[in-house]
Amino acid sequence: MKSENLDKKIWQGLLGKNRKAQEALYKLYYSYGMSICLRYTSTRDEAKEILHDGFMVLFSKPEKFDPEQSFKPWFRRVLVNLCINLFNKQQKLVHQTGFEILPESKESQPSALDVMQYDELLKLIQRLPPSYRTVFNLYVLDGFSHEEIAVMLDISVGTSKSNLSRAKEKLRELIKPRTHEQGIVLQER
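**Q** Summarise the overall build of the protein chain; cite the residues concerned and give the values.
**A** Each helix and strand in the protein chain was counted, giving eight helices and zero strands. Listing each helix as α and each strand as β along the protein chain from the N terminus yields α-α-α-α-α-α-α-α. Burial status across the protein chain gives 37% buried among its 189 residues. Long-range pairs, those at least 24 residues apart, make up 68% of the contacts in the protein chain between residues at least 6 apart in sequence. For the protein chain, the computed accessible surface area is about 11800 Å², with 52% contributed by carbon and sulfur atoms.

**Q** A description of the pattern of salt bridges should follow, citing residues and the corresponding values.
**A** Under the counting rule described, the total for this entry stands at four salt bridges. With its nearest N and O atoms 3.0 Å apart, the salt bridge here joins lysine 27 to glutamate 23. Residue lysine 27 and its partner glutamate 23 are both found in helix H2 (residues 19–40); the two are separated by four residues, about one turn of the helix. For arginine 76, the salt bridge is made with aspartate 142, and the minimal N-O distance between the two is 3.3 Å. Here aspartate 142 lies in the loop between helix H6 (130–141) and helix H7 (146–153) and arginine 76 lies in helix H4 (residues 71–93), a separation of 66 residues in the sequence. Residue classification places arginine 76 among the partly exposed residues on the basis of a relative accessible area of 25%.

**Q** Quick rundown of the nonpolar core? Include the residues and the values.
**A** Of all hydrophobic cores here, the largest spans 44 residues; its most connected members are Leu6, Leu14, Leu25, Phe71, Phe75 and Leu138. The set of elements that each furnish at least two residues to this core consists of helix H1 (8–15), H2, helix H3 (44–60), H4, helix H5 (118–126), H6, H7 and helix H8 (157–188). With nine residues, the single largest contributor to this core is H4. When residues no more than four places from it in sequence are discounted, the contact partners of leucine 14 are Leu6, Ala21, Gln22, Leu25, Leu58, Phe59 and Pro62.

**Q** Run through empty space enclosed by the protein, naming residues and quoting values.
**A** All chains considered together, the criterion is met by one cavity of 30 Å³ or more. Looking at the largest cavity, the residues that line it are Tyr40, Thr41, Cys83, Leu86, Phe87, Gln90, Pro130, Arg133 and Thr134. Among the secondary structure elements, those contributing two or more residues to the lining of the largest cavity are H4 and H6. The element that contributes the greatest number of residues to the lining of the largest cavity is H4, accounting for four residues. Residue composition of the lining of the largest cavity, grouped by class: five nonpolar, three polar and one charged.

**Q** Would you mind going over H1 in detail, with residue names and values included?
**A** Residues Ile10, Trp11, Gly13 and Leu14 constitute the buried set of H1. On an axial view of H1, the arc spanned by its buried residues comes to 160 degrees, and they lie on one face. Residues of H1 that are exposed and angled more than 90 degrees away from the buried face: Lys8, Lys9 and Gln12. Here the buried face of H1 lies against H2 and H3. Where H1 begins, the capping side chain belongs to aspartate 7, and its oxygen is found 2.9 Å from the backbone nitrogen of lysine 9. Of the residues one or two after H1, lysine 17 is the one with positive phi, at around 60 degrees.

**Q** Now, about the state of the cysteines: what can you tell me, with residues and values included?
**A** Enumeration according to the criterion identifies zero disulfides in this entry. As a non-bridged cysteine, cysteine 83 has cysteine 37 as the owner of its nearest cysteine sulfur, 4.5 Å distant.

Conventions adopted
- Residues numbered from 1 in each chain as written.
- Predicted model: local features only at pLDDT ≥ 70, side-chain atom pairs only at ≥ 80, totals over all residues.
- Heavy atoms only, no water.
- Helix = DSSP H or I, 4+ residues; strand = E, 2+ residues; numbered from the N terminus.
- Buried < 20%, exposed > 50% of the residue type's maximum accessible area, 1.4 Å probe, protein only.
- Contact = heavy atoms within 4.5 Å.
- Areas by Shrake-Rupley, 256 points an atom, 1.4 Å probe, with all protein chains shown as cover.
- Salt bridge = Lys/Arg side-chain N within 4 Å of Asp/Glu carboxyl O.
- Core = buried A, V, L, I, M, F, W, Y, C linked by side-chain atoms within 4.5 Å.
- 1 Å grid on protein atoms, 1.4 Å probe; cavity = no way out; pocket = protein on both sides within 12 Å on 5 of 7 lines; lining within 4 Å.
- Points joined across faces, edges and corners; volume = space filled by probe spheres on them.
- Nonpolar A, V, L, I, M, F, W, Y, C, P; charged D, E, K, R; others polar.
- Arc of directions from axis to C-beta.
- Polar contact = N/O pair within 3.5 Å; in protein donor to acceptor, adjacent residues only side chain to side chain.
- Disulfide = S-S within 2.5 Å.

Put into structure tokens, the structure is as follows:
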């Protein structure tokens with residue numbers, strides 16, 4: 001597809017519940033959708049389930065999408081909302097304790113995030129606790145404000161900020177062993 005708008009033929013097929021049109025849309029946007037879902041979930045299976053739910057929103061009620069709009073941002077929003085719904089369901093099942101404030105690390109070294117591959121970063125993000133991962137994704141990757149996140153997740157602005165700080169600190173901890181191991185390998189050469 002050359003433009004961000006949904007192809008008219010696919011759109012007409014979706015309105016008519018045409019399986020070929022649904023399959024074409026699925027193939028076009030599977031990778032894009034999966035990349036979004038993987039950031040918010042702990043496992044590939046959870047990501048697939050949310051992605052399929054996102055496609056089902058469009059397949060079952062195509063009129064929810066305005067074909068005059070760009071498709072990707074609309075689809076991204078549907079997937080992010082589904083991920084937030086999963087997060088909220090999981091949070092109801094988990095008893096949460098109070099949050100302590102972690103100080104920001106003041107390292108002068110270049111950020112390891114600058115040199116990591118996407119897959120490595122994704123694996124690290126998936127290792128974050130769900131509350132940290134969700135706030136990190138919403139704030140850093142999707143550009144929501146702490147006020148918007150607080151409303152979406154039904155938490156305070158302070159909790160959103162604290163979770164972001166903790167997510168960053170946890171990512172720093174996860175990256176340090178990798179950086180340290182690379183330093184040892186370089187010294188041995």
